[in-house]
Structure formats: C-alpha cells, structure tokens
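# Geometric and topological summary
The chain contents come next:
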Amino acid sequence: MGTWLFNGIRQLDYPMIQGSTLIIAMMVLIANFILDMVYGLIDPRIKAAQTEEG
C-alpha cells in the first residue's frame, strides 16, 4: 500500500493518491472502532461508565 502511494506521488497520479489516502483513512477508522468495541468487552468498567452517563 505504501509503495503504491509513493509511486502515485512520484508520478503525480492524483486518483491513486486520493484512493490510497481514502483506504488508509478508512482502515484507521475501522481499527479504532474495533479497538473501542474490544476494549469495552475486556474492561467491564468502560461499559458500566457508558450506561451511567446515558
């Protein structure tokens, strides 16, 4: 993925740069979401604090 992005930057391939950036951003968002869900399952205090606020 990084090689594709680097080659796109070197060749000024704007659609490749935009696509690579979009995919990387989506992967980071999905990883953060999954980590939040797993952390809530591992640590029960997180789930208890969320239910008390709402």
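None of the values given here were measured: they were computed from a predicted structure. (Residues numbered from 1 in each chain as written. Predicted model: local features only at pLDDT ≥ 70, side-chain atom pairs only at ≥ 80, totals over all residues. Heavy atoms only, no water.)

Right, let's get into the packing of helix α1 (residues 2-10) against helix α2 (residues 14-42). Where α1 meets α2, the closest approach of the two axes is 8 Å, and the angle between their N-to-C directions is 150 degrees. One element, α1, and the other, α2, form an angle in the roughly antiparallel class. Here α1 and α2 pass one another in a crossing that is left-handed. The residues of α2 that touch α1, namely those facing W4, L5, G8 and I9, are M16, I17, S20, T21 and I24. Across the contact of α1 with α2, the residue classes break down as 6 nonpolar, 3 polar and no charged. (Axes fitted to C-alpha atoms, helices over the stretch in contact; angles between N-to-C directions. Helix = DSSP H or I, 4+ residues; strand = E, 2+ residues; numbered from the N terminus. Parallel < 35°, antiparallel > 145°, perpendicular 65-115°, else oblique. Left-handed = near helix turned anticlockwise from the far one by under 90°. Contact = heavy atoms within 4.5 Å. Nonpolar A, V, L, I, M, F, W, Y, C, P; charged D, E, K, R; others polar.)

The next point concerns the environment of M1. With respect to the helices and strands, M1 occurs in the segment before α1. With 22 residues separating them in the primary sequence, M1 and I23 have C-alpha atoms 9.2 Å apart. Among residues more than four places away in sequence, those in contact with M1 are S20, I23 and I24.

Among the surface-exposed residues, L22, M26, L29, I30, F33, I34, M37, V38 and I42 lie close enough to one another that they form a single nonpolar patch of about 910 Å² accessible area. For F33, a relative accessible area of 52% translates into the label exposed. (Patch = residues over 30% accessible without salt bridge, like charges linked within 9 Å, V, L, I, M, F, W, Y side chains within 5 Å. Areas by Shrake-Rupley, 256 points an atom, 1.4 Å probe, with all protein chains shown as cover. Salt bridge = Lys/Arg side-chain N within 4 Å of Asp/Glu carboxyl O. Buried < 20%, exposed > 50% of the residue type's maximum accessible area, 1.4 Å probe, protein only.)

We note that L12 has phi near 55 degrees; this positive angle belongs to a residue other than glycine. The exposure class assigned to L12 is exposed, which follows from its relative accessible area of 56%.

These values are about where atoms sit, not about what they do.
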